[in-house]
2 protein chains.
Amino acid sequence: MHPPTSNTSNVIPCDDYRWEGVERKDYKTDTANFRSIHRYSLLGEEYEPLSAHTRYFEIQPGGYSSLERHQHPHSVVVIRGGGSVILDNALHPIGLHDVVYIAPYSIHQFHADRGETLGFICVVDRDRDRPRIPAAEEVAEVITDPEVLARIRR
Amino acid sequence: MHPPTSNTSNVIPCDDYRWEGVERKDYKTDTANFRSIHRYSLLGEEYEPLSAHTRYFEIQPGGYSSLERHQHPHSVVVIRGGGSVILDNALHPIGLHDVVYIAPYSIHQFHADRGETLGFICVVDRDRDRPRIPAAEEVAEVITDPEVLARIRR
(Lines give C-alpha, C1' and ligand atoms only; values in the text may rest on other atoms or scores of the structure.)
Protein backbone atom coordinates (compact mmCIF):
# COMPACT_ATOMS: atom_id res chain seq x y z
CA MET A 1 0.00 0.00 0.00
CA HIS A 2 1.10 3.47 -0.80
CA PRO A 3 -0.55 6.15 1.31
CA PRO A 4 -2.63 8.51 -0.81
CA THR A 5 -1.57 12.08 -1.30
CA SER A 6 -3.51 14.90 -2.83
CA ASN A 7 -1.44 14.74 -6.00
CA THR A 8 -1.63 11.03 -6.64
CA SER A 9 -4.55 9.21 -8.16
CA ASN A 10 -5.27 5.87 -6.56
CA VAL A 11 -7.66 2.99 -6.15
CA ILE A 12 -8.96 1.97 -2.73
CA PRO A 13 -9.94 -1.68 -3.09
CA CYS A 14 -13.11 -2.88 -1.38
CA ASP A 15 -13.90 -6.31 -0.01
CA ASP A 16 -17.43 -6.83 1.27
CA TYR A 17 -18.04 -3.19 2.24
CA ARG A 18 -14.66 -2.72 3.85
CA TRP A 19 -12.03 -0.59 2.13
CA GLU A 20 -8.30 -1.16 2.35
CA GLY A 21 -6.75 1.19 4.88
CA VAL A 22 -10.05 2.88 5.75
CA GLU A 23 -10.91 2.59 9.41
CA ARG A 24 -14.33 2.38 10.99
CA LYS A 25 -15.11 5.55 12.87
CA ASP A 26 -17.60 6.46 15.50
CA TYR A 27 -20.59 8.17 14.05
CA LYS A 28 -20.48 11.03 16.52
CA THR A 29 -19.30 11.70 20.00
CA ASP A 30 -21.28 14.68 21.20
CA THR A 31 -24.84 13.42 20.95
CA ALA A 32 -26.50 10.16 21.81
CA ASN A 33 -29.62 10.07 19.67
CA PHE A 34 -28.39 7.39 17.28
CA ARG A 35 -27.87 3.64 17.37
CA SER A 36 -25.69 1.03 15.67
CA ILE A 37 -24.21 3.28 13.01
CA HIS A 38 -20.62 3.75 11.87
CA ARG A 39 -18.83 6.04 9.46
CA TYR A 40 -16.05 5.35 6.96
CA SER A 41 -14.29 8.29 5.35
CA LEU A 42 -13.53 7.15 1.79
CA LEU A 43 -12.34 10.33 0.14
CA GLY A 44 -12.09 13.03 2.72
CA GLU A 45 -9.89 15.43 4.56
CA GLU A 46 -6.58 14.02 3.34
CA TYR A 47 -7.47 14.71 -0.28
CA GLU A 48 -6.94 18.45 -0.39
CA PRO A 49 -8.21 19.14 -3.92
CA LEU A 50 -11.61 17.65 -3.11
CA SER A 51 -14.25 20.16 -2.10
CA ALA A 52 -16.73 17.32 -1.69
CA HIS A 53 -16.15 14.49 0.78
CA THR A 54 -17.33 10.95 0.13
CA ARG A 55 -18.27 8.90 3.19
CA TYR A 56 -19.88 5.51 3.70
CA PHE A 57 -22.35 5.05 6.55
CA GLU A 58 -23.48 1.68 7.73
CA ILE A 59 -26.42 1.06 10.04
CA GLN A 60 -26.97 -2.35 11.60
CA PRO A 61 -30.48 -3.82 11.68
CA GLY A 62 -32.58 -1.88 14.18
CA GLY A 63 -30.22 1.07 14.16
CA TYR A 64 -30.73 4.66 13.03
CA SER A 65 -28.89 7.91 12.42
CA SER A 66 -29.55 11.04 14.47
CA LEU A 67 -32.61 13.06 13.71
CA GLU A 68 -30.88 16.18 12.44
CA ARG A 69 -31.08 19.41 10.53
CA HIS A 70 -28.44 21.59 8.89
CA GLN A 71 -27.83 24.04 6.09
CA HIS A 72 -25.63 21.81 3.92
CA PRO A 73 -27.37 19.38 1.57
CA HIS A 74 -26.63 15.65 1.33
CA SER A 75 -26.30 13.50 -1.79
CA VAL A 76 -26.92 9.88 -0.86
CA VAL A 77 -26.74 6.61 -2.82
CA VAL A 78 -27.74 3.37 -1.08
CA ILE A 79 -25.21 0.62 -1.83
CA ARG A 80 -26.19 -2.00 0.75
CA GLY A 81 -29.54 -3.37 1.81
CA GLY A 82 -32.45 -1.11 2.54
CA GLY A 83 -34.45 0.65 5.17
CA SER A 84 -36.29 3.92 5.34
CA VAL A 85 -35.63 7.61 5.64
CA ILE A 86 -37.61 10.40 7.24
CA LEU A 87 -37.49 13.51 5.05
CA ASP A 88 -39.44 16.22 6.82
CA ASN A 89 -43.08 15.17 6.92
CA ALA A 90 -42.64 12.01 4.85
CA LEU A 91 -41.36 8.51 5.44
CA HIS A 92 -39.79 6.89 2.37
CA PRO A 93 -38.77 3.26 1.95
CA ILE A 94 -35.27 3.04 0.44
CA GLY A 95 -33.56 0.15 -1.27
CA LEU A 96 -30.47 -0.71 -3.26
CA HIS A 97 -29.14 2.16 -5.40
CA ASP A 98 -31.93 4.53 -4.55
CA VAL A 99 -30.71 8.12 -4.50
CA VAL A 100 -31.70 10.48 -1.71
CA TYR A 101 -31.42 14.24 -1.93
CA ILE A 102 -31.55 15.98 1.43
CA ALA A 103 -32.24 19.66 0.91
CA PRO A 104 -30.96 22.42 3.20
CA TYR A 105 -32.65 22.43 6.60
CA SER A 106 -34.64 19.27 5.97
CA ILE A 107 -35.21 17.26 9.10
CA HIS A 108 -34.00 13.74 8.33
CA GLN A 109 -33.24 10.38 9.90
CA PHE A 110 -32.18 7.05 8.37
CA HIS A 111 -33.51 3.76 9.76
CA ALA A 112 -32.29 0.20 9.16
CA ASP A 113 -35.79 -1.08 9.83
CA ARG A 114 -36.04 -3.99 7.39
CA GLY A 115 -34.05 -6.51 9.37
CA GLU A 116 -31.00 -5.93 7.18
CA THR A 117 -27.94 -3.72 7.20
CA LEU A 118 -28.40 -0.35 5.51
CA GLY A 119 -25.29 1.14 3.90
CA PHE A 120 -25.04 4.31 1.88
CA ILE A 121 -22.59 6.69 0.28
CA CYS A 122 -23.11 10.26 1.49
CA VAL A 123 -21.44 13.22 -0.21
CA VAL A 124 -21.08 16.56 1.54
CA ASP A 125 -19.19 19.78 1.01
CA ARG A 126 -15.84 20.07 2.75
CA ASP A 127 -16.99 23.38 4.23
CA ARG A 128 -20.26 22.79 5.99
CA ASP A 129 -22.21 23.72 9.07
CA ARG A 130 -22.48 21.43 12.05
CA PRO A 131 -25.58 19.20 12.17
CA ARG A 132 -28.09 20.23 14.80
CA ILE A 133 -30.66 18.19 16.65
CA PRO A 134 -33.93 20.02 16.09
CA ALA A 135 -35.85 21.12 19.14
CA ALA A 136 -39.24 19.55 19.81
CA GLU A 137 -41.01 22.72 18.63
CA GLU A 138 -39.12 22.69 15.31
CA VAL A 139 -40.07 19.08 14.76
CA ALA A 140 -43.70 19.83 15.56
CA GLU A 141 -43.70 22.65 13.01
CA VAL A 142 -42.43 20.43 10.20
CA ILE A 143 -43.70 16.95 11.02
CA THR A 144 -47.40 16.42 11.58
CA ASP A 145 -48.01 12.99 10.04
CA PRO A 146 -48.65 10.58 12.93
CA GLU A 147 -46.89 7.73 11.09
CA VAL A 148 -43.75 9.80 10.67
CA LEU A 149 -43.88 11.09 14.24
CA ALA A 150 -44.16 7.51 15.49
CA ARG A 151 -40.97 6.55 13.64
CA ILE A 152 -38.76 9.25 15.05
CA ARG A 153 -36.09 8.01 17.43
CA ARG A 154 -34.31 10.49 19.65
CA MET B 1 -44.01 11.72 -9.33
CA HIS B 2 -43.33 15.16 -8.07
CA PRO B 3 -40.51 16.96 -9.84
CA PRO B 4 -37.63 17.76 -7.51
CA THR B 5 -36.87 21.32 -6.58
CA SER B 6 -33.88 22.69 -4.78
CA ASN B 7 -35.90 23.13 -1.61
CA THR B 8 -37.49 19.73 -1.44
CA SER B 9 -35.83 16.57 -0.23
CA ASN B 10 -36.72 13.51 -2.22
CA VAL B 11 -35.94 9.91 -3.04
CA ILE B 12 -35.18 8.80 -6.60
CA PRO B 13 -36.04 5.10 -6.69
CA CYS B 14 -33.76 2.76 -8.61
CA ASP B 15 -34.64 -0.45 -10.38
CA ASP B 16 -31.73 -2.42 -11.83
CA TYR B 17 -29.45 0.59 -12.38
CA ARG B 18 -32.18 2.77 -13.84
CA TRP B 19 -33.54 5.68 -11.82
CA GLU B 20 -37.08 6.96 -11.99
CA GLY B 21 -37.27 10.06 -14.16
CA VAL B 22 -33.55 10.08 -14.94
CA GLU B 23 -32.82 9.84 -18.63
CA ARG B 24 -29.86 8.23 -20.30
CA LYS B 25 -27.63 10.86 -21.83
CA ASP B 26 -24.92 10.80 -24.41
CA TYR B 27 -21.53 10.71 -22.84
CA LYS B 28 -20.20 13.55 -24.96
CA THR B 29 -20.81 15.09 -28.30
CA ASP B 30 -17.63 16.92 -29.20
CA THR B 31 -15.09 14.11 -29.19
CA ALA B 32 -15.16 10.58 -30.47
CA ASN B 33 -12.51 8.77 -28.47
CA PHE B 34 -14.91 6.74 -26.36
CA ARG B 35 -17.13 3.73 -26.88
CA SER B 36 -20.34 2.26 -25.45
CA ILE B 37 -20.65 4.61 -22.51
CA HIS B 38 -23.63 6.57 -21.21
CA ARG B 39 -24.20 9.12 -18.50
CA TYR B 40 -27.06 9.54 -16.01
CA SER B 41 -27.26 12.76 -14.03
CA LEU B 42 -28.57 11.70 -10.61
CA LEU B 43 -28.18 14.86 -8.56
CA GLY B 44 -27.03 17.64 -10.79
CA GLU B 45 -27.80 20.98 -12.28
CA GLU B 46 -31.42 21.15 -11.14
CA TYR B 47 -30.42 20.93 -7.47
CA GLU B 48 -29.12 24.43 -6.91
CA PRO B 49 -27.78 24.03 -3.37
CA LEU B 50 -25.46 21.21 -4.44
CA SER B 51 -21.93 22.29 -5.23
CA ALA B 52 -21.07 18.68 -6.05
CA HIS B 53 -22.83 16.77 -8.81
CA THR B 54 -23.49 13.05 -8.63
CA ARG B 55 -23.55 11.19 -11.92
CA TYR B 56 -23.70 7.51 -12.88
CA PHE B 57 -21.65 6.28 -15.83
CA GLU B 58 -22.20 2.93 -17.43
CA ILE B 59 -19.84 1.27 -19.89
CA GLN B 60 -20.91 -1.79 -21.84
CA PRO B 61 -18.49 -4.71 -22.21
CA GLY B 62 -15.67 -3.71 -24.52
CA GLY B 63 -16.36 -0.02 -24.07
CA TYR B 64 -14.25 2.74 -22.56
CA SER B 65 -14.36 6.38 -21.52
CA SER B 66 -12.25 9.07 -23.20
CA LEU B 67 -8.64 9.30 -22.31
CA GLU B 68 -8.72 12.68 -20.63
CA ARG B 69 -7.07 15.17 -18.36
CA HIS B 70 -8.42 18.15 -16.40
CA GLN B 71 -7.89 20.25 -13.32
CA HIS B 72 -10.94 19.07 -11.36
CA PRO B 73 -10.63 15.85 -9.36
CA HIS B 74 -13.05 12.92 -9.54
CA SER B 75 -14.44 10.83 -6.69
CA VAL B 76 -15.57 7.47 -8.05
CA VAL B 77 -17.33 4.47 -6.48
CA VAL B 78 -17.92 1.37 -8.61
CA ILE B 79 -21.46 0.07 -8.12
CA ARG B 80 -21.76 -2.38 -11.02
CA GLY B 81 -19.40 -5.05 -12.31
CA GLY B 82 -15.76 -4.34 -12.86
CA GLY B 83 -13.08 -3.44 -15.33
CA SER B 84 -9.92 -1.42 -15.17
CA VAL B 85 -8.76 2.16 -15.02
CA ILE B 86 -5.65 3.85 -16.35
CA LEU B 87 -4.36 6.36 -13.80
CA ASP B 88 -1.32 8.04 -15.31
CA ASN B 89 1.41 5.42 -15.62
CA ALA B 90 -0.52 2.60 -13.93
CA LEU B 91 -3.29 0.22 -14.90
CA HIS B 92 -5.54 -0.82 -11.98
CA PRO B 93 -8.15 -3.56 -11.96
CA ILE B 94 -11.37 -2.27 -10.39
CA GLY B 95 -14.29 -4.20 -8.95
CA LEU B 96 -17.48 -3.73 -7.01
CA HIS B 97 -17.39 -0.85 -4.50
CA ASP B 98 -13.77 0.01 -5.17
CA VAL B 99 -13.17 3.73 -4.75
CA VAL B 100 -11.11 5.66 -7.28
CA TYR B 101 -9.58 9.04 -6.61
CA ILE B 102 -8.54 10.90 -9.75
CA ALA B 103 -6.21 13.73 -8.81
CA PRO B 104 -5.99 17.01 -10.72
CA TYR B 105 -4.40 16.64 -14.17
CA SER B 106 -4.14 12.86 -13.96
CA ILE B 107 -4.49 11.19 -17.33
CA HIS B 108 -7.24 8.60 -16.94
CA GLN B 109 -9.44 6.20 -18.85
CA PHE B 110 -11.99 3.60 -17.71
CA HIS B 111 -12.32 0.27 -19.50
CA ALA B 112 -15.09 -2.34 -19.29
CA ASP B 113 -12.59 -5.03 -20.20
CA ARG B 114 -13.80 -7.97 -18.11
CA GLY B 115 -16.67 -9.01 -20.31
CA GLU B 116 -19.16 -7.33 -17.97
CA THR B 117 -20.83 -3.96 -17.65
CA LEU B 118 -18.89 -1.42 -15.60
CA GLY B 119 -20.98 1.15 -13.75
CA PHE B 120 -19.77 3.81 -11.35
CA ILE B 121 -20.85 6.86 -9.43
CA CYS B 122 -18.67 9.88 -10.23
CA VAL B 123 -18.81 13.04 -8.14
CA VAL B 124 -17.49 16.35 -9.47
CA ASP B 125 -17.67 19.98 -8.50
CA ARG B 126 -20.42 22.02 -10.10
CA ASP B 127 -17.79 24.55 -11.20
CA ARG B 128 -15.14 22.70 -13.12
CA ASP B 129 -12.91 22.97 -16.14
CA ARG B 130 -13.67 21.18 -19.37
CA PRO B 131 -11.97 17.80 -19.84
CA ARG B 132 -9.20 17.83 -22.42
CA ILE B 133 -7.84 15.04 -24.56
CA PRO B 134 -4.11 15.03 -23.87
CA ALA B 135 -1.82 15.45 -26.85
CA ALA B 136 0.44 12.55 -27.79
CA GLU B 137 3.47 14.35 -26.30
CA GLU B 138 1.70 14.83 -22.96
CA VAL B 139 0.82 11.15 -22.85
CA ALA B 140 4.41 10.19 -23.67
CA GLU B 141 5.66 12.37 -20.82
CA VAL B 142 3.40 10.70 -18.24
CA ILE B 143 2.91 7.16 -19.49
CA THR B 144 5.94 5.00 -20.23
CA ASP B 145 4.83 1.54 -19.11
CA PRO B 146 4.32 -0.53 -22.28
CA GLU B 147 1.39 -2.42 -20.74
CA VAL B 148 -0.42 0.83 -19.99
CA LEU B 149 0.41 2.32 -23.37
CA ALA B 150 -1.00 -0.79 -25.05
CA ARG B 151 -4.32 -0.35 -23.23
CA ILE B 152 -4.96 3.22 -24.26
CA ARG B 153 -7.82 3.68 -26.69
CA ARG B 154 -8.15 6.94 -28.55
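Report on the accompanying structure.

Rules behind the numbers
- Residues numbered from 1 in each chain as written.
- Chains lettered and ligands numbered in written order.
- Predicted model: local features only at pLDDT ≥ 70, side-chain atom pairs only at ≥ 80, totals over all residues.
- Heavy atoms only, no water.
- Helix = DSSP H or I, 4+ residues; strand = E, 2+ residues; numbered from the N terminus.
- Rg over C-alpha atoms; globule rule 2.2 N^0.38 Å.
- Buried < 20%, exposed > 50% of the residue type's maximum accessible area, 1.4 Å probe, protein only.
- Areas by Shrake-Rupley, 256 points an atom, 1.4 Å probe, with all protein chains shown as cover.
- Core = buried A, V, L, I, M, F, W, Y, C linked by side-chain atoms within 4.5 Å.
- Contact = heavy atoms within 4.5 Å.
- Phe/Tyr/Trp six-rings, centres within 6.5 Å; stacked < 30°, edge-to-face > 60°.
- Pairing = 2+ DSSP bridges.
- Buried area = accessible area lost by both parts, 1.4 Å probe.
- Salt bridge = Lys/Arg side-chain N within 4 Å of Asp/Glu carboxyl O.
- Polar contact = N/O pair within 3.5 Å; in protein donor to acceptor, adjacent residues only side chain to side chain.
- Nonpolar A, V, L, I, M, F, W, Y, C, P; charged D, E, K, R; others polar.
- Least-squares fit on C-alpha atoms with pLDDT ≥ 70 in both.

1. Brief notes about the overall build of chain A
- The number of helices and strands found in chain A is 2 helices and 12 strands.
- Starting at the N terminus, the α and β elements of chain A follow one another as β-β-β-β-β-β-β-β-β-β-β-β-α-α.
- Over its C-alpha trace chain A gives a radius of gyration of 16 Å, about what one expects of a compact globule, namely 15 Å for 154 residues.
- Once the C-alpha set of chain A is aligned to its principal axes, its extents read approximately 50 × 30 × 25 Å.
- Looking at the 154 residues of chain A, the share that counts as buried comes to 53%.
- Surface exposure of chain A reaches about 6800 Å², of which carbon and sulfur atoms provide 47%.

2. Let's talk about the nonpolar core
- Membership of the largest hydrophobic core comes to 38 residues, with the highest contact counts inside it found for A:W19 and B:W19.
- Excluding its chain neighbours within four sequence positions, the residues that come into contact with B:W19 are A:H97, A:D98, A:V99, B:I12, B:P13, B:C14, B:L42, B:Y56 and B:I79.

3. Observations concerning the environment of A:R35
Residues and elements named next belong to chain A.
- Structurally, the position occupied by R35 is in strand β5 (residues 35-43).
- The spacing of R35 and S66 is 31 residues in sequence and 8.1 Å in space, taken between C-alpha atoms.
- Contact partners of R35, with chain neighbours within four places excluded, come to I59, G62, G63 and Y64.

4. Concerning the packing of aromatic side chains
Residues and elements named next belong to chain A.
- Taken as a whole and judged by the stated rule, the model has 12 aromatic pairs over all chains.
- Here Y40 and Y56 contribute two aromatic rings whose centre-to-centre distance is 5.8 Å and whose plane-to-plane angle is 45°, an arrangement assigned as tilted. Linking Y40 in strand β5 with Y56 in strand β6 (residues 52-64), this pair joins segments that are 16 residues apart in sequence. We note that Y40, like Y56, is buried.

5. Focus: the pairing of strand β12 (residues 118-125) of chain A
Residue and element names in this part refer to chain A.
- Of all 8 residues making up β12, 7 are buried, and the element is well covered by its neighbours.
- In this sheet, β12 lies alongside strand β7 (residues 74-80) in antiparallel orientation, the contact comprising 5 bridges. From the neighbouring strand, V77 faces β12, where its bridge partner is I121.

6. Quick word on the interface of chain A and chain B
- In this complex, chain A contributes 44 residues to the contact, which on the side of chain B involves 44 residues.
- Where chain A abuts chain B, roughly 3200 Å² becomes buried across the two surfaces, and 64% of that area is made up of carbon and sulfur atoms.
- Looking at the side of chain A facing chain B, the largest losses of area belong to A:H97, A:V99 and A:Y101, adding up to 23% of the total buried there.
- The interface formed by chain A and chain B contains 0 salt bridges.
- The tally of links between chain A and chain B comes to 14 residue pairs in polar contact (both at pLDDT 80 or more).
- In the side of chain A that touches chain B, the residues fall into 29 nonpolar, 12 polar and 3 charged.
- As defined by bridge partners, strand β10 (residues 99-102) of chain A adjoins strand β1 (residues 10-12) of chain B across 3 bridges and the pair is classed as antiparallel. Paired with A:Y101 across the strands is B:N10, a residue of β1(B).

7. Things to note about the relation of the copies chain A and chain B
- Structural alignment of chain A on chain B gives an RMSD of 0.0 Å, achieved by rotating through 180° and translating 0.0 Å along the axis. The transformation relating the two chain copies, once decomposed into turn and shift, fits a two-fold axis. Closest to the rotation axis within chain A is the C-alpha of A:A52, separated from it by 3.2 Å.
- Here 100% of the contact residues of chain A are again contact residues in chain B; the copies associate through an equivalent surface.

From the geometry alone we can't say anything about function, so treat these as descriptive.
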